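Chain by chain, the residues:
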Amino acid sequence: MFKGKKIVYVFDVKEMNDHINFCLNYRVEAPSEAWAREQTNPQLYYTLEIKYTRIILRYTYLTYTEYIFQLDGSEHSQTVSGMRAFNTLQRMSHKGVPDLTKNEVLFDNKYNEWKVGNIGGLIYFNPNHIGERLDNCYEYDMNNAYSWAMEQPIPNTKVMPRTMDKTKKGEIGFRVEQRGLSEDMCLYAVFEEGVYCEYIYPAIESPFIKFAKHFYKMRTESTGRDKEKYKQMQNYAIGYIRRKNPFIHSCILSRCRYYIESLVDDNTLYCNTDSIISYGKRPDIDALIKNEIGGFKIKHKGQFAYNGSGYQWNKEQPSIRGRSKQWFKSAYPNGFDILTDTLPFIEANIYIYNKEKGRIERNGSTKTESEEEQIIL
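From a predicted model like this one, the values you see are computed outputs, not experimental measurements.

### Re the overall build of the protein chain
Argument step 1. Helix and strand counts for the protein chain stand at ten helices and 21 strands.
Argument step 2. Judged by the C-alpha coordinates and their principal axes, the protein chain covers about 70 × 55 × 40 Å.
Argument step 3. Pairs at least 24 residues apart make up 65% of the contacts formed inside the protein chain by residues separated by at least 6 positions.
Argument step 4. Side-chain charges of the protein chain comprise 52 positive and 48 negative groups, with the mean position of each set lying 6 Å from the other.

Pasting the structure below:
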């Protein structure tokens, strides 16, 4: 039986092909990981997922393991799992996130989804400047926005909520609506008194302060992969909360969104959950620059261009959702212009999975099989 899952990032294409070959010969492919878990002998099965930039193989040999290989040739950026980050949060907060998936009023076990809605991160582009490249632009980045929000009061979801009523002092309400810069229907938190809400909880002091301060300190004192690891520990913990408790998740993200949206003005070109990009300097945000949780820093300045799907600073590698940065390096080794060049896609991957042969191969390579097996990313 599967009691846990070990995650291994594979860098050697030969090693990954050996794992795949073993499964093809000695295991049976399952339609899904969940299906395999439900079988009498789940260790007899394997699952293979081919995603845009990576291939994921799961099977049991002594231990149930998930093997991940990057098809785009990039380094593995994920150093911790969401579950590990969440477990760390729970341990440091004395189980500060109550599991509401057992509540049938809130969670549909049949379809494995919430009945109360959810909320995502903020993404906004100023439609008046799409397709332009502008000089004298500044990106103001908030220091650990999630940590700042985690230090504020949260809803006490250990008790049953009051429903369909107005919020009172010392309460946090929730309602599904369109709000702010987003056109999506989201589960937003309400911190004001006298607002009619679908769900209302008492507000309590946050149990996450220790977690927030600890990993902020670790991030500021670390460099390289360690710094990225601590950043992921914070961010993935927030993402995993969504699986267990949509109200605490909404409370944290709502605070971040409201704060950034309050700073948007006519010169705002772009903003997300923890940063705002302005055409020209913002003296009001300059006054908020400080080296502490919730303070701001200038992350970029200079030329800024965006096309609605992503943006680019000073002809650097663009930031476009759903596109691997490695694709731009592979397809445009001499540089990419977001306003004129065609976006690369999976054809820019360094490796492909040959389903007929059941193996990973170099994309467009004329190398022999023996040469192929010597490649190590």
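### Details of helix α5 (residues 209-221)
Argument step 1. Taking 1.5 Å as the rise per residue, α5 with 13 residues should run 18 Å; its terminal C-alpha atoms sit 18 Å apart, in good agreement.
Argument step 2. Buried within α5 are the following residues: F211, A212, F215, Y216 and R219. Here the buried residues of α5 occupy an arc of 120 degrees about the axis, which is enough to place them on one side. Among the exposed residues of α5, those pointing more than 90 degrees away from its buried face are K210 and E221.
Argument step 3. In this fold, the buried residues of α5 make contact with α3 (82-92), α4 (145-150) and α6 (224-244).

### Looking at the sheet that holds strand β4 (residues 54-61)
Argument step 1. Strands sit in the order β1-β5-β4-β3-β2 across an open sheet of five strands; the sheet is mixed. Two strands bound the open sheet, and with one partner strand each, they are β1 (6-9) and β2 (28-29).
Argument step 2. Taken together, the eight bridges between β4 and strand β5 (residues 63-70) define a ladder with antiparallel strand orientation. By the bridge assignment for β5, L57 is matched with Y67.
Argument step 3. Across the sheet, helix α1 (residues 13-26) is in contact with β3 (45-50), β4 and β5; its angle to β4 comes to roughly 55 degrees.

### Here's the deal with the side chain of N354
Argument step 1. By the secondary structure assignment, N354 is in strand β20 (residues 351-354).
Argument step 2. For N354, the side chain forms a polar contact with the main-chain nitrogen of K357, separated by 3.1 Å.
Argument step 3. Contacts of N354, omitting those with residues within four sequence positions, involve R359 and E361.

### A short note on the environment of L187
Argument step 1. Note that L187 resides in strand β13 (residues 186-190).
Argument step 2. For L187, a relative accessible area of 1% puts it in the buried group.
Argument step 3. For L187 and S250, which are 63 residues apart along the polypeptide, the C-alpha to C-alpha distance reads 6.4 Å.
Argument step 4. When sequence neighbours within four positions are dropped, the list of residues in contact with L187 reads V116, G117, N118, I119, F174, R175, V176, P246, F247, S250 and S254.

### Some points on the environment of L100
Argument step 1. Relative to the elements of secondary structure, L100 occurs in the loop between α3 and β6 (107-108).
Argument step 2. Judged by relative accessible area, which is 8%, L100 ranks as buried.
Argument step 3. Along the primary structure L100 and A348 are separated by 248 residues, whereas in three dimensions their C-alpha atoms are 42 Å apart.
Argument step 4. Excluding residues within four positions of it along the chain, L100 makes contact with L106, F107, W114, T157, Y201, K244, N245, P246 and F247.

### Focus on unusual backbone geometry
Argument step 1. Positioned with a positive phi, H94 is a non-glycine residue whose angle comes to about 55 degrees.
Argument step 2. Its identity is not glycine, yet N314 carries a phi of approximately 50 degrees, on the positive side.
Argument step 3. Mapped onto the elements, N314 comes out in the loop between β18 (310-313) and β19 (319-320).

### Considering the pairing of β20
Argument step 1. For β20 and strand β21 (residues 359-362), the ladder comprises four bridges, and the chain directions are antiparallel. Following the sheet pairing, Y351 is matched in β21 by R362.
Argument step 2. The turn linking β20 back onto β21 is made up of four residues, and G358 within it adopts a positive phi angle of 65 degrees.

### Quick look at the state of the cysteines
A disulfide bridge is the covalent bond that connects two cysteines by way of their sulfur atoms.
Argument step 1. This structure, assessed with the given rule, holds zero disulfides.
Argument step 2. Free of any disulfide, C137 has its nearest cysteine sulfur in C271, 14 Å distant.
Argument step 3. For C137, a relative accessible area of 0% translates into the label buried.
Argument step 4. Of the cysteine sulfurs around C197, a residue in no disulfide, the closest is that of C251, at 12 Å.

### Concerning the packing of aromatic side chains
Argument step 1. Scanning the model with the defined rule gives 28 aromatic pairs in all.
Argument step 2. Geometrically, the ring pair formed by F22 and Y59 is tilted, given 5.6 Å between the ring centres and 35 degrees between the ring planes. Taken together, the residues F22 in helix α1 and Y59 in strand β4 connect sequence positions 37 residues apart.
Argument step 3. The partly exposed category is assigned to F22, whose relative accessible area is 21%.
Argument step 4. Since its relative accessible area comes to 5%, Y59 is described here as buried.
Argument step 5. Following the ring pairs from residue to residue traces out a cluster consisting of F125, Y270, F304, Y306, Y311 and W313.

### Re the pattern of salt bridges
Argument step 1. Under the defined criterion, the tally for this structure stands at 22 salt bridges.
Argument step 2. The shortest N-O distance in the salt bridge between D337 and R133 comes to 3.1 Å. One end of the pair, D337, is in the loop between α9 (325-331) and β20; the other, R133, is in strand β9 (residues 132-142), and 204 residues separate them in sequence.
Argument step 3. For D337, a relative accessible area of 14% corresponds to the buried category.
Argument step 4. You can call R133 partly exposed: its relative accessible area is 26%.
Argument step 5. Where E171 meets R162, a salt bridge forms, and the shortest distance between an N and an O atom there is 2.7 Å.
Argument step 6. According to the relative accessible area criterion, R162 is partly exposed, its value standing at 26%.
Argument step 7. Put simply, E33, R37, E49, K51, R58 and E66 are held in one network by salt bridges that share partners.

Cut-off values and rules
Residues numbered from 1 in each chain as written. Predicted model: local features only at pLDDT ≥ 70, side-chain atom pairs only at ≥ 80, totals over all residues. Heavy atoms only, no water. Helix = DSSP H or I, 4+ residues; strand = E, 2+ residues; numbered from the N terminus. Contact = heavy atoms within 4.5 Å. Lys, Arg positive; Asp, Glu negative; His and termini not counted. Charge placed at Lys NZ, Arg CZ, Asp CG, Glu CD. Expected span 1.5 Å × (residues − 1). Buried < 20%, exposed > 50% of the residue type's maximum accessible area, 1.4 Å probe, protein only. Arc of directions from axis to C-beta. Pairing = 2+ DSSP bridges. Axes fitted to C-alpha atoms, helices over the stretch in contact; angles between N-to-C directions. Polar contact = N/O pair within 3.5 Å; in protein donor to acceptor, adjacent residues only side chain to side chain. Disulfide = S-S within 2.5 Å. Phe/Tyr/Trp six-rings, centres within 6.5 Å; stacked < 30°, edge-to-face > 60°. Salt bridge = Lys/Arg side-chain N within 4 Å of Asp/Glu carboxyl O.

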